[in-house]
Amino acid sequence: MIDHVVWDWNGTLLADVHAVVDATSASLAEVGVDGRLDLDAYRSRFRRPLRDFYSDVVGRAVDDDEWARVNAVFGAHYLDAEPALPLADGADEALERFAAVGLGQSVLSMLAHDVLHATLERRGLHAWFARVDGDHHHDGRSKAAALAEHLAVLDLAPARVVLVGDTLDDAAATASVGCACVLVGEHSTHHLADLRTVAPAVATLPDAVEHVLALVSGSPGAPARP
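My aim in this report is to walk through the structure given alongside it, one point at a time. As the structure is a prediction and not an experimental result, all values here were calculated from the model.

Quick look at the pairing of strand β2 (residues 104–112) now. Across 4 bridges, the pairing between strand β1 (residues 4–7) and β2 is parallel. In the strand pairing of β2, Val 6 is matched with Ser 106. Summarising the sheet, β2 and strand β3 (residues 132–135) pair through 3 bridges and their orientation is parallel. Across the sheet, residue Val 107 finds its bridge partner in β3, namely Val 132.

Right, dumping it as structure tokens:
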């Protein structure tokens, strides 16, 4: 029985993919790549580990000094843009609808923990969530490890949980711990078709809400994994 929703933040509740692409373009200039990536090109090449993505775009290995500069420039550009970024269309309504049917809600993000709390505070969203976890450890641990820890702290069995996210990593994390997920393509760093190869995936956040509510009710209306 699903009774809890774990939200991803970036690209799921926060419509920030264009800011991510802009910050990536700025950071690539630090390693000699001129010209702005567009969203389609970004989605076609994006992968993790992030350093491998950068090496692929640059066309050679990115050394440690370059990687430090890339991260610094990306962070500065993104943090400068973040306060003005909107929530995804339908985000407020999604939080309200899940609360109205008695679903618990929390946030799990790989954004730095203090930055995550600050961005939620600016938007007045903390009250919706039983727990908010960003990256506490800064040690490169996986989303799967973070999700397992998040559920353990909340004392939630994975079978009770659905994660709403937007990346292949989100799907891998839920598969690792054994909870359900739905991925949202609108502000993802991946093409929707690629998301659909690994998990149920929908175009917009309102579509994801309907998917989750169908799971909660046991309705056959929840889309099957392609």
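Continuing now.
With 52 residues, the main nonpolar core has Trp 7, Trp 9, Phe 129, Val 164, Leu 205 and Val 212 as its most contacted residues. If near-sequence neighbours (up to four positions away) are discounted, Phe 129 is found in contact with Trp 7, Leu 13, Leu 95, Gln 105, Ser 106, Val 107 and Leu 120. Listed in part, the 18 residues of the second largest apolar core include Leu 108, Leu 163, Val 177 and Cys 179.

Burial in helix α8 (residues 168–177) covers these residues: Asp 170, Ala 171, Ala 173, Thr 174 and Val 177. Around the axis of α8, the buried residues are gathered within 160 degrees of arc, so they sit on the same side. Relative to its buried face, α8 has exposed residues pointing more than 90 degrees away, namely Ala 175 and Ser 176. Just beyond α8, the residue with positive phi is Gly 178, at close to 95 degrees.

Calculation rules
Residues numbered from 1 in each chain as written. Predicted model: local features only at pLDDT ≥ 70, side-chain atom pairs only at ≥ 80, totals over all residues. Heavy atoms only, no water. Pairing = 2+ DSSP bridges. Helix = DSSP H or I, 4+ residues; strand = E, 2+ residues; numbered from the N terminus. Core = buried A, V, L, I, M, F, W, Y, C linked by side-chain atoms within 4.5 Å. Buried < 20%, exposed > 50% of the residue type's maximum accessible area, 1.4 Å probe, protein only. Contact = heavy atoms within 4.5 Å. Arc of directions from axis to C-beta.

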